[in-house]
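Spelled out, the chains give:
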Amino acid sequence: RKEVEQDPGPFNVPEGATVAFNCTYSNSASQSFFWYRQDCRKEPKLLMSVYSSGNEDGRFTAQLNRASQYISLLIRDSKLSDSATYLCVVFGEGGSYIPTFGRGTSLIVHP
Amino acid sequence: DAGVIQSPRHEVTEMGQEVTLRCKPISGHDYLFWYRQTMMRGLELLIYFNNNVPIDDSGMPEDRFSAKMPNASFSTLKIQPSEPRDSAVYFCASGIGLQETQYFGPGTRLLVL
C-alpha cells in the first residue's frame, strides 16, 4: 500500500504563475526526502533534495514540515518547460530505509 | 559518462515466455535498484543491491521474478513465465549510498501479450 501521497493533478497553470505541490508521508521516522521530475515517456531525474531547513534552487523551493509530515515544492515564474510530472521520494516509509515514490503530480504550463 | 544503460529499450513477448532485462550501472556506484512503473501503481521498488549483493527484495511481486548482479557493472531482471499483468516500464537506477541521488536508466518498455 502506498504511504506516500500526492495529488495527481493535473495542475494547469499559465506561464509566469506560481504553483505548489505537497507530498504527505505516514512514518514520522522517515528520513531523506527528494523531488524528482519525470518528462513524458522518460526516466525520472533528480530535481532537488529536501533538507530540514528547506532549500532553494533558482525558481524552485523545497520544504519539509515534520510536524505535519509533508514536503512541498514551490515553483515560481513557471515556464513552458516546467511541464512534467513531479515525484516525491521518501526514505524510511514502512519501517525500512528503502525509497518510496509518490505517484506524482502532473503540471501543465500553458502560454 | 554514459549514464545508466538498459537493454532492450522495448520488448514485446507472448504470455509464458521468459523475459530478461539488462542494466549497466554508472561506474563507481555501489547501489543498484530495479523499479517497475505502471499507471495504476506508479513507481515501485522491486529489489536493490549493494556491492552486488541483494539487500531487499521485498518488492519482487512473486517467484516468477528474479534478479542477479554477477559483477559491479551488470545486472539482470528475469521474468519467467511472463504474464500480461507484467506489462510495464522497468527502470534500473544506480547511486552512491542508499539515501542519495539515484540516476535512472531510460527504462525498458515491456508488453506481454
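Structure first, text after, so check above.
Just so it is clear, the model here is predicted, and its values are computed rather than measured. (Residues numbered from 1 in each chain as written. Chains lettered and ligands numbered in written order. Predicted model: local features only at pLDDT ≥ 70, side-chain atom pairs only at ≥ 80, totals over all residues. Heavy atoms only, no water.)

### Brief notes about the interface of chain A and chain B
Listed per partner, the contact involves 17 residues of chain A and 21 residues of chain B. Counting each side, the surface lost to burial between chain A and chain B is near 1,700 Å², with a carbon and sulfur contribution of 54%. Counting across the interface, chain A meets chain B through zero salt bridges. Applying the counting criterion to the chain A and chain B interface returns six residue pairs in polar contact (both at pLDDT 80 or more). Secondary-structure elements contributing two or more residues to the side of chain A that touches chain B are strand E4 (33-38), strand E5 (44-50) and strand E10 (99-101) of chain A. Here the side of chain A that touches chain B is built from residues that sort into nine nonpolar, three polar and five charged. (Contact = heavy atoms within 4.5 Å. Buried area = accessible area lost by both parts, 1.4 Å probe. Salt bridge = Lys/Arg side-chain N within 4 Å of Asp/Glu carboxyl O. Polar contact = N/O pair within 3.5 Å; in protein donor to acceptor, adjacent residues only side chain to side chain. Helix = DSSP H or I, 4+ residues; strand = E, 2+ residues; numbered from the N terminus. Nonpolar A, V, L, I, M, F, W, Y, C, P; charged D, E, K, R; others polar.)

### With respect to the side chain of Asp86(B)
All names here are of chain B. You can see Asp-86 is positioned in the loop between strand E8 (74-79) and strand E9 (88-95). What makes Asp-86 buried here is its relative accessible area of 1%. The residues touching Asp-86, leaving out its near neighbours within four places in the chain, are Arg-36, Arg-64, Phe-65, Ile-79, Pro-81, Leu-110 and Val-112. (Buried < 20%, exposed > 50% of the residue type's maximum accessible area, 1.4 Å probe, protein only.)

### Here we look at the pattern of salt bridges
Residues and elements named next belong to chain B. Across all of its chains, the model carries twelve salt bridges over all chains by this definition. Residue Glu-62 pairs with Arg-85 through a salt bridge whose shortest N-O separation is 3.3 Å. Within this pair, whereas Glu-62 is found in the loop between strand E6 (53-56) and strand E7 (65-71), its partner Arg-85 is found in the loop between E8 and E9, the two being separated by 23 residues in sequence. By relative accessible area, which is 27% here, Glu-62 ends up partly exposed. On the accessibility criterion, Arg-85 (54% relative accessible area) is exposed. If you follow the salt bridges from partner to partner, you end up with Glu-62, Arg-64, Glu-83, Arg-85 and Asp-86 in one network.

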